[in-house]
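One-letter residues, chain by chain:
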Amino acid sequence: MVRLCGQNMVMGRRHIEMLTAIDRYLARLIALPMLGTLVIAAMLLVLDKMLSLFDFVAAEGGPVSVVWRMLANMLPEYLSLGIPIGLMLGILLAFRKLAQTSELDVMRAVGLSYGRLLRVPYIFAIAMALLNLGIVGFVQPLSRHAYEALRFELRSGALGASIKVGEFTSLGKRMTMRIERSLDEGRNLQGIFVRAEGRNGQSLAVTAAQGSFLATDDPDTIIFRLRDGVLVNNAPKYKTPRILSFSSHDLPIDLPQIESFRGRDVDREKTLPELVTIARDPATPQKLRDEVRANFHFRMVEVVMMMLLPLAALAFAIPPKRSTSALGVFLSIVFIVTYHKINQYGESVGALGRVDPIIALWGPFALTAGLIFWMYHVVAHRPGGQPIGALEYAFAKIGKQVSRILPLGNRRNGSSTQEPQGAA
């Protein structure tokens, strides 16, 4: 009797260790594709934005280094969409591999339910949902404001617009400058022409062989030190223009006044606690309250939806028996992107006050949650259940028809049915 109890304890310990090993195995299967998808999605979005930012910065004459600062401020917004996609594909590809290698059938045969197998995916889902909540609730609003501030500074010239070599550049309304060459990263300018006009009709034209900009104690004024040049000064009271040759001349340049950037006045640049405070303030106008409530519920519904992604990933992951169809992977991406676009439309409708933001955003969430629970019920509780089986069958039939129409398919069929010459 004692021996039997000891055997049961050892078997139970082995059973616990087997489950722990399976958990670690699932975690490895999920982590790699999840992180890979997240990085790839973020990089694709960043590369797409990088081209437009380079064009914008070049058109505004700003330094190239500001592009990397703007991309860094856009990264939280890309991560807020890349994290759900990475979580979905990570879980989906993990269960898809288990299903194609029949490991999932073995796990089910030894008594592991889908609820037990989803324990590790839900650990990932909770961690990613908390991370995404921190991003959309606190990091993304601040980074969006910093991005808009950089755009404003580029347009206003606060970042120090560069002087394009070989072109006429306006510094304010009364000064024009042209430079032939720029050496030592702008510290040595050559072939300089400057024309300035005063308020009393006085004008000044200067040509110089070399020059450089120098800072002063006044932040609104800089000195343009010119060397080896000629200065022509003209005014209405002068009978003839005055000409002066110089070896060194300091030309003060008044920088244009730059207005300060606005505060975080937009609802998308407010953190979640700030949105709640504005929405509960009785003095808040109704239009602003609708915008704030719509943005708040948009962020929350995006995060809460992540808790249903493991169920949806499992339903999309399992293909029909003896099938290698990747239709579930395609449908999962379409599913999550479409739901994101529906939420964006619901936010815009709720912000206009046409529909209450709760109905506009949580209504589609409830319908989507019902669809996901139904798909999971079909997979987990119906023998041989396939929630996308009809679509799999339809796409398989379409694939066969396409293969018959394509020339490659005809050649393969002809080569397989043609008898070799000289056969008996």
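Not measured: the values here are computed from a predicted model.

Asker: Outline the overall build of the protein chain, listing residues and values.
Answerer: If you tally the helices and strands in the protein chain, you get twelve helices and six strands. Here the protein chain holds 424 residues, and 38% of them are scored as buried. Across the protein chain, every contact between residues at least 6 apart in sequence was considered, and the portion connecting residues at least 24 apart equals 64%. Counting only carbon and sulfur atoms, one obtains 61% of the accessible surface of the protein chain, whose full area is about 24700 Å².

Asker: Give a description of unusual backbone geometry that names residues and reports values.
Answerer: With phi around 65 degrees, Ser102 is a residue other than glycine that occupies positive phi space. Ser102 gets classed as partly exposed once you look at its relative accessible area, which sits at 37%. The phi dihedral of Asp228 is positive, around 55 degrees, even though this residue is not glycine. Tracing the chain through its elements places Asp228 in strand E5 (residues 221-234).

Asker: Explain the nonpolar core to me, using residue names and the numbers behind them.
Answerer: General note: in soluble globular proteins, nonpolar side chains tend to be found buried as a group. One finds Leu87, Phe95, Leu104, Tyr114, Leu117, Leu314 and Phe316 to be the most contacted residues of the largest nonpolar core, which totals 60 residues. Take this core: its biggest share by element is eleven residues, from helix H2 (residues 65-100). Among all residues touching Phe95, those that are not within four sequence positions of it are Leu104, Leu117, Leu118, Pro121, Leu314 and Ala317. Counting residues in hydrophobic clusters, the runner-up holds 16 residues, among them Met175, Met177, Leu189 and Ala208.

Asker: Provide a residue-level description of the confidence of the model for the protein chain, including the pertinent values.
Answerer: When pLDDT is averaged across the protein chain, the result is 83; 85% of the residues are at 70 or more. Scored below 50 in pLDDT, residues 1-18 makes zero contacts in the model with residues more than four places away or belonging to other chains. Counting contacts from residues 412-424, a segment whose pLDDT is below 50, to residues more than four positions away or on other chains yields zero contacts.

Asker: For the sheet that holds strand E4 (residues 203-215), give the residues involved together with the corresponding values.
Answerer: Think of a sheet as strands paired side by side through backbone hydrogen bonds, with each pair either parallel or antiparallel. What the six strands build is an open sheet, ordered E1-E2-E3-E4-E5-E6; its pairing is antiparallel. Of all the strands in the sheet, just strand E1 (168-170) and strand E6 (242-254) have a single pairing partner and so form its edges. Neighbour to neighbour, the strand axes of the sheet diverge by 30 degrees on average, direction disregarded. Taken together, the eight bridges between strand E2 (residues 175-183) and strand E3 (residues 188-197) define a ladder with antiparallel strand orientation. For Ser182, the partnering residue across the bridge sits in E3 and is Leu189.

Asker: Before we move on, could you go through the packing of helix H7 (residues 286-305) against helix H9 (residues 327-351) and cite the residues and values that matter?
Answerer: At a minimum axis distance of 8 Å, the contact between H7 and H9 shows a crossing angle of 165 degrees. One finds that H7 runs roughly antiparallel with respect to H9. Crossing geometry of H7 relative to H9 is assigned as right-handed. Note on element contacts: H9 touches H7 through Phe335, Tyr339, His340, Asn343, Gln344, Glu347, Gly350 and Ala351, opposite Lys287, Asp290, Glu291, Ala294, Asn295, Phe298, Val301, Glu302 and Met305.

Rules used throughout
- Residues numbered from 1 in each chain as written.
- Predicted model: local features only at pLDDT ≥ 70, side-chain atom pairs only at ≥ 80, totals over all residues.
- Heavy atoms only, no water.
- Helix = DSSP H or I, 4+ residues; strand = E, 2+ residues; numbered from the N terminus.
- Buried < 20%, exposed > 50% of the residue type's maximum accessible area, 1.4 Å probe, protein only.
- Contact = heavy atoms within 4.5 Å.
- Areas by Shrake-Rupley, 256 points an atom, 1.4 Å probe, with all protein chains shown as cover.
- Core = buried A, V, L, I, M, F, W, Y, C linked by side-chain atoms within 4.5 Å.
- pLDDT = per-residue confidence, 0-100.
- Pairing = 2+ DSSP bridges.
- Axes fitted to C-alpha atoms, helices over the stretch in contact; angles between N-to-C directions.
- Parallel < 35°, antiparallel > 145°, perpendicular 65-115°, else oblique.
- Left-handed = near helix turned anticlockwise from the far one by under 90°.

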